[in-house]
Amino acid sequence: MSNNVWQCITCGFIYSENEGLPEEGIPSGTKWLDVPDDWCCPDCGMDKSDFEMLLINE
């Protein structure tokens, strides 16, 4: 399973598709495209559009 990782460009918060954010109601395995468009960074409140995909070498 690939693990796409997205990072908030403002505060550096990381969203991992493998981990999801169960505490935010987003189960593990949730693809970034399936995260609601009105979701905001839990650390700084920035919009989903303020995240960029990171390339991770595993």
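To be clear, the structure that these remarks concern was listed above.
Owing to the predicted nature of the structure, the values given are computational and were not obtained by experimental measurement.

Comments concerning the pairing of strand β1 (residues 5-8)
Then comes step 1: Bridge analysis of β1 against strand β2 (residues 14-16) gives three bridges, and the strand direction is antiparallel. When the sheet's bridge partners are listed, Trp6 is paired in β2 with Tyr15.
Then comes step 2: In this antiparallel pair of consecutive strands, β1 and β2, the connection spans five residues, and Gly12 shows a positive phi of 90°.
Then comes step 3: With four bridges connecting them, β1 and strand β3 (residues 51-54) associate as antiparallel partners. Residue Val5 lies in a different strand from β3, and its bridge partner there is Leu54.

What about the sheet that holds β2?
Then comes step 1: With respect to topology, three strands assemble into an open sheet ordered β2-β1-β3, the strand pairing being antiparallel. The open sheet has two edge strands with one neighbour each: β2 and β3. Direction aside, neighbouring strands of the sheet carry axes that sit 30° apart on average.

What counts, and where the lines are drawn
- Residues numbered from 1 in each chain as written.
- Predicted model: local features only at pLDDT ≥ 70, side-chain atom pairs only at ≥ 80, totals over all residues.
- Heavy atoms only, no water.
- Pairing = 2+ DSSP bridges.
- Helix = DSSP H or I, 4+ residues; strand = E, 2+ residues; numbered from the N terminus.
- Axes fitted to C-alpha atoms, helices over the stretch in contact; angles between N-to-C directions.

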